[in-house]
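Chain by chain, the residues run as shown.
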Amino acid sequence: MKRISILFIAATSLLALTSCDDYLDKVPDDRAEVNTVDKVAKLLVSAYAGNNSNLILEMSSDNARDNGSNYTPEELEQEEAYLWKDQTSTDNDAAQSVWDACYMAAAHANQALAAIDEMGNPAELTPYRGEALLCRAWAHFQLANVFCLAYNPQTADTDMGLPYSLAPETDVKPDYERGTMAELYKHISDDIDEGLPLIDDKVYTAPKYHFNKKAAYAFGARFNLFYQKWDKCIEYANAALGSNAVNLLRNWRHLVNELAADYETRCNAYISASENANFLLQTAASSSGYILGAWGLGERYGHDQPTIARMETYRAPGIWGEYNSARDLFMAHSCWGPVQTLNISKYYGYFEYTDKVNRVGYRRNVYVQLCGDETLLCRAEAYAVKGDLASALRDMNLWLSTNSRNGMQASQELVDSLYGTYRPVQDSIPSRGMKYMDDGNGGPIVASDKAGTPKKHLHPLGFTIGEEGSSQENMLQFILHMRRCQMMQEGGRWCDIKRWGIEIAHNREGQPDDKLLLNDPRRALQLPADVISAGLTPNPRNK
């Protein structure tokens, strides 16, 4: 296997958030000599990446469309991601920045682990060892979601992984190799399993900005869902959610019915550290709060109201019936922005000045990385894949109890009637089921105001489910629809598209639609150009 040399340079200081009261607090980070508990704790502030992939993954998914040349993209990476091009941008939301930030975070975690070892691994540092291991795993998991194909046990021994940074760099030109997905996921799994029992919430002054116990187990649940370890996903989700999961789900009724209809107020409530549903919050230098928000920026590509929102996502017909029915989703009624980029009130967009006189600085935001609602959906999916549809339905009804405006409850019969095989009106008998969103031959299409549904053909990677129209497939279509709604503006839909082999299409003004089929190598974003120039094997591309 080809070996390469890459230099990961640790920064002397990074910005981090320590509370929801001041989103732009600066935390000192002294790494000249890490030899006390306090210094290790401060070092780990920098073990959380300062950039994220929300924008480029959202643009890559079927949550965006080309609204035409009357509108403009806000940043180059927004357009490159939508067009599935190898990215040349180096701005804060570009693939290059995600790569750098995640490996920087891993480097800080490794430095903390080395310092703990050098101090003899005392008991008072045990929680920080756990945090460092989870931070290292999290950084590499984020990288895998962007730059690798989805994990497939049948091909994991040959699918390309990424270098797993296991120790601080001591050489000027350390050697790395990409390895395989099997190796990469094994490293992530080992770090999670070793770190989880070491976490102790009592050491944190702002636990929601660190891997507290709920966040750690929620991460374990999501990772093992992606790893296809269904029982382990359920075990870790149980640990995160406890015996009364409904108390850890977002209080949408409060957000929509009790708070003022003010975008900033609702966004701040969504990311509040006092919200029980929020397990892990992180800050990032990013324009995604602006482009995926209510600012009317980057309208060339986005989640539009007439087609995607109304035909495929949270305003589409679903388990609740039609949009504006008494039982539809709260989130569908907490939307802002122009029709080209309709968004839920999640991430407001803030600006950090480095020079107030000249008005120079960075766009920043606080993001919910792990939460109770998504962890519940991870567990529901794992149950459904295992064939335990009763348990999956129980979890979906918990999710509906706080997300549906009247707290509706579903039955398997209702799921089958709405997400099952489509049957048109016959002899005055109402239509039933839902059409697949395809071209009539199983191929992907772009939604229009007359065509489109949340239901797309599933091609699970490395495992099997019931045939199309079976109760199991209907339940999974229901879950994936809710996951898509749950993770809007966060990039999670792209991961589900990859994991489930969902084929999608992007419209392009003046050109034929571009179709991302099952075996399209563009499902793994290309590595940064400078990393390829340094010798790391690039992801393949069709000529």
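Predicted model only: the values in this text are computed from it and were never measured.

Basis of the calculations
- Residues numbered from 1 in each chain as written.
- Predicted model: local features only at pLDDT ≥ 70, side-chain atom pairs only at ≥ 80, totals over all residues.
- Heavy atoms only, no water.
- Pairing = 2+ DSSP bridges.
- Helix = DSSP H or I, 4+ residues; strand = E, 2+ residues; numbered from the N terminus.
- Axes fitted to C-alpha atoms, helices over the stretch in contact; angles between N-to-C directions.
- Parallel < 35°, antiparallel > 145°, perpendicular 65-115°, else oblique.
- Left-handed = near helix turned anticlockwise from the far one by under 90°.
- Contact = heavy atoms within 4.5 Å.
- Core = buried A, V, L, I, M, F, W, Y, C linked by side-chain atoms within 4.5 Å.
- Buried < 20%, exposed > 50% of the residue type's maximum accessible area, 1.4 Å probe, protein only.
- pLDDT = per-residue confidence, 0-100.
- Phe/Tyr/Trp six-rings, centres within 6.5 Å; stacked < 30°, edge-to-face > 60°.
- Lys NZ or Arg CZ within 6 Å of the ring centre and 35° of its normal.
- Salt bridge = Lys/Arg side-chain N within 4 Å of Asp/Glu carboxyl O.
- Disulfide = S-S within 2.5 Å.

(A) Fine view of the sheet that holds strand 9 (residues 360-371). If you walk across this open sheet you meet the three strands as 4-9-8, and the pairing is antiparallel. Two strands bound the open sheet, and with one partner strand each, they are strand 4 (278-285) and strand 8 (350-355). Ignoring strand direction, the axes of neighbouring strands in this sheet form an average angle of 30°. Judged from the five bridges that link them, strand 8 and strand 9 form a sheet pairing that is antiparallel. Note on strand 9: the bridge partner recorded for Glu 352 is Tyr 362.

(B) Structural context of the packing of helix 5 (residues 126-147) against helix 17 (residues 492-499). Two elements in contact, helix 5 and helix 17, have axes whose closest approach is 10 Å; the angle formed by their N-to-C orientations is 65°. The orientation of helix 5 with respect to helix 17, classified from their angle, is roughly perpendicular. Of the two elements, helix 5 crosses helix 17, and the hand of that crossing is left-handed. Residue-level inspection shows Ala 144, Asn 145 and Val 146 of helix 5 in contact with helix 17, the latter providing Trp 494, Cys 495 and Lys 498.

(C) Just the nonpolar core, in detail. Core analysis: the biggest nonpolar cluster contains 152 residues, and Tyr 185, Ile 188, Phe 211, Phe 219, Tyr 314 and Met 475 have the highest contact counts within it. Ignoring anything within four residues of it in the chain, the contact list for Met 475 reads Ala 384, Leu 389, Ala 392, Leu 393, Met 396, Gln 412 and Val 415.

(D) Expanded view of the confidence of the model for the protein. Across the protein, pLDDT averages 92, with 92% of residues at or above 70. Below a pLDDT of 50 lies the segment residues 1-31, which in the model reaches 88 contacts outside its immediate sequence neighbourhood of four places, other chains included.

(E) Focus on the pairing of strand 10 (residues 504-508). Burial analysis of strand 10 places four of its five residues in the buried class, the great majority of the element. Sheet topology places strand 10 next to strand 11 (residues 511-516); four bridges connect them, and they run antiparallel. Its bridge partner being in strand 11, His 506 is matched across the sheet by Asp 514. Hairpin connection between strand 10 and strand 11: a loop of two residues separates the two successive antiparallel strands, and Gly 510 in this loop has a positive phi of roughly 75°.

(F) Looking closely at helix 15 (residues 412-419). Three or more residues of helix 15 are buried, namely Gln 412, Val 415, Asp 416, Ser 417 and Tyr 419. Those residues of helix 15 hidden inside the fold are in contact with helix 14 (389-403) and helix 16 (471-486).

(G) Local environment of the packing of aromatic side chains. Summed over all chains, the structure comprises 29 aromatic pairs. A ring pair is formed by Tyr 348 and Tyr 350, whose centres lie 5.5 Å apart and whose planes are at 55°; its orientation type is tilted. Like Tyr 348, the residue Tyr 350 is buried in the burial classification. Here the aromatic cluster, defined as three or more aromatic residues joined through ring pairs, consists of Tyr 48, Trp 138, Phe 141, Tyr 151, Tyr 185, Phe 211, Phe 219, Phe 223, Phe 226 and Tyr 227. Cation over ring: Arg 363 sits above Tyr 290, and NZ or CZ is 4.5 Å from the ring centre.

(H) Just the environment of Leu 125, in detail. On the secondary structure map, Leu 125 appears in the loop between helix 4 (95-118) and helix 5. Dropping the residues within four chain positions of it, Leu 125 is found in contact with Val 37, Val 40, Ile 116 and Met 119.

(I) Highlighting the pattern of salt bridges. Taken as a whole, this structure holds 30 salt bridges when the rule is applied. Between Asp 304 and Arg 65 there is a salt bridge; the shortest N-O distance is 3.9 Å. Placement of Asp 304 in the loop between strand 5 (301-302) and helix 12 (305-311) and of Arg 65 in strand 2 (residues 65-66) is noted, with a sequence separation of 239 residues between them. Judged by its relative accessible area of 4%, Asp 304 is buried.

(J) Region of interest: the state of the cysteines. Summed over the entire model, instances satisfying the criterion amount to zero disulfides. Not part of a disulfide, Cys 135 finds its nearest cysteine sulfur in Cys 102, a span of 11 Å. Of the residues examined, Cys 135 reaches a relative accessible area of 1% and is grouped as buried. We note that Cys 371 lacks a disulfide partner, and the nearest cysteine sulfur, in Cys 378, lies 9.1 Å from it.

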